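# Geometric and topological summary
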Amino acid sequence: MIAPLQAKIDQFMTENIESIEPKIKGLRIGPGRDSKIEARFAGPDPEVLRDLSSQAEAIMHADPGAKEVRNDWRQPVKLIKPIFNEQVARQLGVTRTELTASLRAASEGSQVGIYRDGVRLLPIYFRADASERQDVSQLMDAQVYSPVLQRTVPIAQVVVGFETVWEDAMIRGRDRLTTIIASANPTGELAAPLFERLKPQIEAIELPPGYTMDWGGEYEDSAEAQGALFSAIPVSFIMMIIVVVLLFGKVRQPLIIWITVPLAIIGITAGLLLLDGAFDFMALLGALSLIGLLIKNAIVLLEEIDMQAEEKPIYDAIIDSSISRMRPVMLAACTTILGMIPLLGDVFFVNMSITVMFGLGFATVLTLVFIPVMYAILFKAKNPS
């Protein structure tokens, strides 16, 4: 019910409330960001960064599969800026700092005390009426102290006038570089198709010297997680291979196991396509855990074949072992698959559960069919009849 409700709220706010950019998001479990696609531009000049971000945002807006396009600096804000008369101010001994303090007191007020309310300290401000503070023309009558004249003088003597300019209310940095992030989210569930369409277009933006662009969002999170994971995978696989070889003391049985393991990808692919899932980081963890389940089932069957092959012909041992081990292998797979069903409704674990359920279901068939066939081929088993 949450996803349809989010869509209705998003549509209502977009159509009925002006001048807002709504972003409706659910409770996130685990790592992630508010935006799945992020293009980061870094460089020295904020105006150039604004222009680069605008180009990237225009590309995102042009794609119908993108929504919630924005940047993390948000929109510039209006700023009323006084035009300081340096020559007159120098004669009166008024500095920019003193002018700033006077304008702040005239517009926001000045703190004259603190009121203690239990454990809270509340500041007490002295300021003029709102009608006087909200009119720019009234600021010209504000007073600033002149050390030369030893009295206050109107600000109008040191300020020629006021001009309205646009200024960035928020400038962010990353790794000690001024950085702006243009971001977007996909209209559907998957960000990968949208990212593949946007990536070549945004990377084609010409960057001035001294400016860089890199990708954040889901792409960066996935790359970092997979990099940390894959750095440990080779050692783990080597250890598993060594354990299997030591267990059997031969080469052909481990070879059968490791030829069978990659075929589970067929079941994983079918499950993800059927249920519209994504092979994300959690699905990758599910696929890695699936390898252990496949090896366990294969060991159970191969060990039984080896034991019966000592007492009868290899062909008969393969048939009898496959029949006798069918029930435990099937029941073990079914219990695991049924245990994954509650996770299908969980946003965080859904892809992992799909991977394990379909991968293990297909792998069970492989264990009971493909492994006996491979054993018969490698050991040259022949039908005695």
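Residues numbered from 1 in each chain as written. Predicted model: local features only at pLDDT ≥ 70, side-chain atom pairs only at ≥ 80, totals over all residues. Heavy atoms only, no water.

Positive phi is not limited to glycine here, since Arg176 has a value of about 65°. The topology assignment puts Arg176 in the loop between strand 9 (173-174) and strand 10 (177-186). The exposure class of Arg176 is exposed, given its relative accessible area of 85%. Of note, Asp276 is a non-glycine position whose phi angle comes to about 55°, a positive value. Taking the relative accessible area as the measure of exposure, Asp276 reaches 57% and is therefore exposed. (Helix = DSSP H or I, 4+ residues; strand = E, 2+ residues; numbered from the N terminus. Buried < 20%, exposed > 50% of the residue type's maximum accessible area, 1.4 Å probe, protein only.)

Inspection of the entire model under this criterion finds 3 aromatic pairs. Arranged with centres 5.0 Å apart and planes meeting at 80°, the rings of Phe195 and Trp215 form a pair that is edge-to-face. Linking Phe195 in helix 7 (residues 192-203) with Trp215 in strand 11 (residues 212-216), this pair joins segments that are 20 residues apart in sequence. For Phe195, a relative accessible area of 8% puts it in the buried group. In this structure Trp215 comes out as buried when scored by relative accessible area, which is 9%. (Phe/Tyr/Trp six-rings, centres within 6.5 Å; stacked < 30°, edge-to-face > 60°.)

Compared with the 39 Å implied by 1.5 Å per residue over 27 residues, the 37 Å span of helix 13 (residues 314-340) between its first and last C-alpha is a close match. Maximum bend of helix 13: about 40°, positioned at Met326, with proline Pro328 one to four residues after it. Along helix 13, the positions that sit buried rather than exposed are Ala317, Ile318, Ser321, Ser322, Val329, Ala333 and Met340. On its buried face, helix 13 is in contact with helix 12 (281-309) and helix 14 (350-378). (Expected span 1.5 Å × (residues − 1). Bend = angle between axes of the 7 residues up to and from the residue. Contact = heavy atoms within 4.5 Å.)

Moving on, we get to the pairing of strand 10. In terms of burial, strand 10 is largely enclosed, as 8 of its 10 residues are buried. The pairing of strand 1 (residues 37-42) with strand 10 spans 6 bridges and is antiparallel. Within strand 10, the position partnered with Ile37 by the bridge is Ala184. Both strand 2 (residues 66-71) and strand 10 contribute to a ladder of 4 bridges, which runs antiparallel. Looking across to strand 10, one finds that Ala66 is bridged to Pro186. In this structure, strand 9 lies alongside strand 10, joined through 2 bridges in antiparallel fashion. (Pairing = 2+ DSSP bridges.)

To continue, consider a nonpolar patch on the surface. A contiguous nonpolar surface patch, about 510 Å² in accessible area, is contributed by Val112, Tyr115, Leu122, Ile124 and Phe126. For the nonpolar patch, the secondary-structure elements that each account for two or more residues are strand 4 (110-117) and strand 5 (120-126). Examining the composition of the nonpolar patch, we find that 3 residues originate from one element, strand 5, more than from any other. With respect to the secondary-structure elements, Leu122 resides in strand 5. (Patch = residues over 30% accessible without salt bridge, like charges linked within 9 Å, V, L, I, M, F, W, Y side chains within 5 Å. Areas by Shrake-Rupley, 256 points an atom, 1.4 Å probe, with all protein chains shown as cover. Salt bridge = Lys/Arg side-chain N within 4 Å of Asp/Glu carboxyl O.)

Here we take up the nonpolar core. Ile257, Val261, Ile295, Leu302 and Tyr375 are the most contacted members of the largest nonpolar core, which has 28 residues in total. Contributing elements (two or more residues each) for this core: helix 9 (233-248), helix 10 (252-260), helix 11 (264-274), helix 12, helix 13 and helix 14. Counting residues per element, this core draws most heavily on helix 12, at 10 residues. If near-sequence neighbours (up to four positions away) are discounted, Tyr375 is found in contact with Gln253, Ile256, Leu302, Ile305, Asp306, Ile314, Ile318 and Lys380. (Core = buried A, V, L, I, M, F, W, Y, C linked by side-chain atoms within 4.5 Å.)

Right, let's get into a positive patch on the surface. On the surface, a cluster of positive charge is made up of Lys250, Arg252, Lys380 and Lys382. When you line up the elements, Arg252 lands in helix 10. The exposure class of Arg252 is partly exposed, given its relative accessible area of 41%. (Lys, Arg positive; Asp, Glu negative; His and termini not counted. Charge placed at Lys NZ, Arg CZ, Asp CG, Glu CD.)

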